Amino acid sequence: MNTKPIGILDSGVGGLTVVKEMMRQLPHEPIVYIGDTARCPYGSRPSEEIKQFTWELTRYLQKFDIKMLIIACNTATAVALPEIRAELSIPVLGVVHPGARAAIKISRGYHIGVIGTEMTIHSKAYEKALKSIRKKTKVTGLACPKFVPIVENGEIESQETKQIVAETLAPFNNEKLDTLILGCTHYPLLQPVIEEYFGNNVKIISSGEETAREASVILDHTNMLNKSNEQPEHIFLTTGSVDRFKQIAENWLGTNDLQVENVQL
Ligand code: DGL
């Protein structure tokens, strides 16, 4: 039994899509979440800068004596996971391999599309992860740099958003995908719009569910599950506006009493 919190980081509100699954699958685990909203998006920044920012978030979370770290950002996972995992003595999880596993599990045609930030697509992190599981997988990647600002601004349901989503995803029109990975943790917030675009022909995968499952397995195997039946206290930290973060987070997590604080790194 281990009552320490789990640290979860992202460039902004995207990692909340992983938090939601963590709360569902591991309801007794306290979470400390940090979103670097002030410097979001990360996806079009140079990799050295993304690494530096991810380390800053990691160091901040370490102050809470976390027992596990989840890098709930595909971009940060793609560039910084190996070195953070090598340096920390606690389990460090990313979101790319869980997303790849979930896609392989559900795909039947093995033509898998991946959408993500410019860095995630450029890094080919998903292509490598998918092919490490099943070599004969066709992977088509597409960067969608306009999606993260839409989510961070909370403009998910507008007509303009539908248009931007349709224009951005148009290169997939001639591809016979059977599965699409939302390779950015912000994108599940746009899932209804993305699903509407593809109709029923394409299965949509996000990595939250499989990441939480992996966390659950590791905590169980290492005897680190919090077995107390008390309601855990979660802490949400943002480097940007508390009001905006709180609004998006409460809406997404379906609560109205989140404790959100602004922090400077
Ligand atoms: N949510 C992040 C991801 O999964 C990053 C988005 C960004 O900051 O560009 O890639």
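Because the structure is predicted, anything quoted here is derived from the model rather than measured. (Residues numbered from 1 in each chain as written. Predicted model: local features only at pLDDT ≥ 70, side-chain atom pairs only at ≥ 80, totals over all residues. Heavy atoms only, no water.)

J.: For the side chain of Thr 239, give the residues involved together with the corresponding values.
T.: Structurally, Thr 239 is set in the loop between β9 (235–238) and α11 (242–253). A relative accessible area of 10% places Thr 239 in the buried class. At a separation of 2.9 Å, a polar atom in the side chain of Thr 239 contacts the main-chain amide nitrogen of Ala 38. When neighbours within four sequence positions are excluded, Thr 239 is seen to be in contact with Gly 35, Asp 36, Thr 37, Ala 38, Arg 39, Asn 262, Val 263 and Leu 265. (Helix = DSSP H or I, 4+ residues; strand = E, 2+ residues; numbered from the N terminus. Buried < 20%, exposed > 50% of the residue type's maximum accessible area, 1.4 Å probe, protein only. Polar contact = N/O pair within 3.5 Å; in protein donor to acceptor, adjacent residues only side chain to side chain. Contact = heavy atoms within 4.5 Å.)

J.: If you had to explain helix α3 (residues 74–87) to someone new, which residues and values would you point to?
T.: The end-to-end C-alpha distance of α3, which contains 14 residues, comes to 19 Å, matching closely the 20 Å that a straight helix rising 1.5 Å per residue would cover. Along α3, the sharpest kink reaches roughly 70 degrees, centred on Ala 80 and followed within four residues by the proline Pro 82. Buried within α3 are the following residues: Asn 74, Thr 75, Ala 76, Thr 77, Val 79, Ala 80, Leu 81 and Ile 84. Residues of α3 that are buried make contact with α2 (47–62), β3 (68–71), β4 (92–93), α4 (96–106), α5 (118–123) and α6 (125–133). (Expected span 1.5 Å × (residues − 1). Bend = angle between axes of the 7 residues up to and from the residue.)

J.: Before we move on, could you go through the site of the ligand and cite the residues and values that matter?
T.: The environment of the ligand is made up of 14 residues, and the closest members are Ser 11, Tyr 42, Asn 74, Thr 75 and His 186. At a separation of 2.8 Å, an oxygen atom of the ligand approaches a polar backbone atom of Asn 74. Thr 75 places a side-chain nitrogen or oxygen 2.6 Å from an oxygen atom of the ligand. More than half of the atoms belonging to the ligand lie within 2 Å of the grid points that define the largest cavity. (Near = heavy atom within 4 Å. 1 Å grid on protein atoms, 1.4 Å probe; cavity = no way out; pocket = protein on both sides within 12 Å on 5 of 7 lines; lining within 4 Å. Sits in = over half its atoms within 2 Å of the grid points.)

J.: Could you give an account of empty space enclosed by the protein, naming the residues involved and the relevant values?
T.: Summed over all chains, the structure comprises 1 cavity of 30 Å³ or more. Roughly 80 Å³ of volume is contained in the largest cavity. Taken together, 13 residues line the largest cavity, and the ones lying closest to its centre are Ser 11, Thr 75, Thr 117, Cys 184 and His 186. Looking at the lining of the largest cavity residue by residue, the classes come out as 5 nonpolar, 7 polar and 1 charged. (Points joined across faces, edges and corners; volume = space filled by probe spheres on them. Nonpolar A, V, L, I, M, F, W, Y, C, P; charged D, E, K, R; others polar.)

J.: Can you tell me about the sheet that holds β3, naming the residues and giving the values?
T.: As summarised here, the arrangement of the 6 strands in space is β4-β3-β1-β2-β9-β10, forming an open sheet in which the pairing is parallel. What marks the edges here is a single partner per strand, and that holds for β4 and β10 (260–262). Bridge count between strand β1 (residues 6–10) and β3: 4 bridges; the pairing is parallel. Each bridged residue has a counterpart across the sheet, and for Ile 6 the counterpart in β3 is Met 68. Strands in contact with helix α1 (residues 16–25) are β1, β2 (31–35), β3 and β9; relative to β2, the strand with the most contacts, it is inclined by about 170 degrees. (Pairing = 2+ DSSP bridges. Axes fitted to C-alpha atoms, helices over the stretch in contact; angles between N-to-C directions.)

J.: Please set out the packing of aromatic side chains residue by residue, giving values where relevant.
T.: Across all of its chains, the model carries 8 aromatic pairs by this definition. Ring geometry for Tyr 42 against Phe 53: centres 5.5 Å apart, planes inclined by 55 degrees, an arrangement best described as tilted. On the criterion of sequence distance, the pair formed by Tyr 42 in the loop between β2 and α2 and Phe 53 in helix α2 is long-range, its members being 11 residues apart. In this structure, Tyr 42 and Phe 53 share a single accessibility class: buried. A centroid spacing of 5.3 Å and a plane angle of 70 degrees characterise the contact between Phe 147 and Tyr 187, whose relative ring orientation is edge-to-face. Remark: Tyr 187 occurs in the loop between β7 (179–182) and α9 (191–198) and Phe 147 occurs in helix α7 (residues 147–152); sequence separation between them is 40 residues. The same class applies to Phe 147 and to Tyr 187, which are both buried. By way of ring pairs, the aromatic residues Tyr 33, Phe 236 and Phe 245 are connected into one cluster. The positively charged end of Arg 39 is found above the aromatic ring belonging to Phe 53, 3.6 Å away from the centroid. Looking at Arg 134, its charged tip hangs above the ring of Tyr 110, at a distance of 3.5 Å from the centre. (Phe/Tyr/Trp six-rings, centres within 6.5 Å; stacked < 30°, edge-to-face > 60°. Lys NZ or Arg CZ within 6 Å of the ring centre and 35° of its normal.)

J.: Go over the nonpolar core with me, naming the residues and quoting the values.
T.: One finds Met 22, Ile 70, Ile 115, Phe 147, Leu 169, Leu 180 and Ile 194 to be the most contacted residues of the largest nonpolar core, which totals 52 residues. Discounting residues that sit within four places of it in the chain, Phe 147 has contacts with Ile 115, Ile 164, Val 165, Thr 168, Leu 169, Tyr 187, Leu 190 and Ile 194. Listed in part, the 24 residues of the second largest apolar core include Phe 53, Tyr 60, Leu 81 and Leu 88. (Core = buried A, V, L, I, M, F, W, Y, C linked by side-chain atoms within 4.5 Å.)

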